[in-house]
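What follows is the residue order along each chain.
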Amino acid sequence: MKWQLVFTRQAQKDAKKLAAAGLWPKAEELLDILKENPFQNAPPDEKLVGDLAGAYSRRINVQHRLVYQVLEQDRIVKVIRMWTHYEGSIQLPAPPKAVASYQSLRTKHH
């Protein structure tokens, strides 16, 4: 059974930046992995601390990371950011409020 991907408003904005920078294909690869199994260890994930405790990140490239939260009970992966997580401060959002589906983002950036 696949996991559902949901995206915060910020992640939706980040997707546009990734597409403009030519990085959407790499992000899409990572999103496909998360949809299959967010705990898969390749490519490696990083458990975050501080304001982002409880979230994970995977590298899109050397500068940008995909930051996400896994809600195991609901089989949901909530994508928080897809641009550098060093740009401004971010905190974990409240529990899921599906603002965009994976399919809607996919069609926008292809």
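Further up the page is the structure itself.
This structure is a prediction, so every number in the text was calculated from the model and none was measured. (Residues numbered from 1 in each chain as written. Predicted model: local features only at pLDDT ≥ 70, side-chain atom pairs only at ≥ 80, totals over all residues. Heavy atoms only, no water.)

## Things to note about the nonpolar core
Part 1 of the argument: Membership of the largest hydrophobic core comes to 21 residues, with the highest contact counts inside it found for Leu18, Leu31, Ile60, Leu66 and Met82.
Part 2 of the argument: Put simply, the parts of the chain that give this core at least two residues each are strand S1 (4-7), helix H1 (9-20), helix H2 (24-36), strand S4 (65-71) and strand S5 (76-81).
Part 3 of the argument: Ranked by the residues each element gives to this core, the list is headed by H2, at 5 residues.
Part 4 of the argument: Discounting residues that sit within four places of it in the chain, Ile60 has contacts with Leu18, Leu23, Lys26, Ala27, Leu30, Arg65, Leu66 and Met82. (Core = buried A, V, L, I, M, F, W, Y, C linked by side-chain atoms within 4.5 Å. Buried < 20%, exposed > 50% of the residue type's maximum accessible area, 1.4 Å probe, protein only. Helix = DSSP H or I, 4+ residues; strand = E, 2+ residues; numbered from the N terminus. Contact = heavy atoms within 4.5 Å.)

## Some thoughts on the sheet that holds S4
Part 1 of the argument: With mixed pairing, 5 strands are arranged side by side in an open sheet as S1-S5-S4-S3-S2. The sheet terminates laterally at S1 and strand S2 (46-47), the two strands that pair on one side only.
Part 2 of the argument: Of the strand pairs in this sheet, S2 and strand S3 (residues 55-59) are connected by 2 bridges, and their pairing is antiparallel. Bridging from a neighbouring strand, Glu46 pairs with Ser57 of S3.
Part 3 of the argument: Sheet contacts for H1: S1 and S5; angle to S5, the most-contacted strand, approximately 65 degrees. (Pairing = 2+ DSSP bridges. Axes fitted to C-alpha atoms, helices over the stretch in contact; angles between N-to-C directions.)

## As for unusual backbone geometry
Leave glycine aside and you will find that most residues have negative phi; peptide bonds, for their part, are mostly trans.
Part 1 of the argument: Each neighbour pair has its own omega, and for Ala42 with Pro43 the value is -5 degrees, a cis peptide bond.
Part 2 of the argument: Of note, Pro43 is situated in the loop between H2 and S2.
Part 3 of the argument: A positive phi angle, close to 55 degrees, is found at Arg75, a residue other than glycine.
Part 4 of the argument: In this fold, Arg75 is placed in the loop between S4 and S5.

## Some remarks on the pattern of salt bridges
Part 1 of the argument: Counting across every chain of the model gives 4 salt bridges.
Part 2 of the argument: Of the charged contacts, one joins Asp14 and Arg81 as a salt bridge, the two residues approaching to 2.7 Å between their closest N and O atoms. Placement of the pair is Asp14 in helix H1 and Arg81 in strand S5, with a sequence separation of 67 residues. Neither Asp14 nor Arg81 differs from the other in exposure class; each is buried. (Salt bridge = Lys/Arg side-chain N within 4 Å of Asp/Glu carboxyl O.)

## Here's the deal with H1
Part 1 of the argument: For H1, which comprises 12 residues, the first-to-last C-alpha distance of 17 Å matches the rise-based estimate of 16 Å (1.5 Å per residue) to within 8%.
Part 2 of the argument: Among all positions in H1, only Ala11, Gln12, Asp14, Ala15 and Leu18 are buried. Down the axis of H1, the sector holding all buried residues measures 160 degrees, keeping them to one side. Every exposed residue of H1 that faces more than 90 degrees away from the buried side is listed here: Arg9, Lys13, Lys16 and Ala20.
Part 3 of the argument: Looking one or two residues beyond H1, the residue adopting positive phi is Gly22, at roughly 75 degrees. (Expected span 1.5 Å × (residues − 1). Arc of directions from axis to C-beta.)

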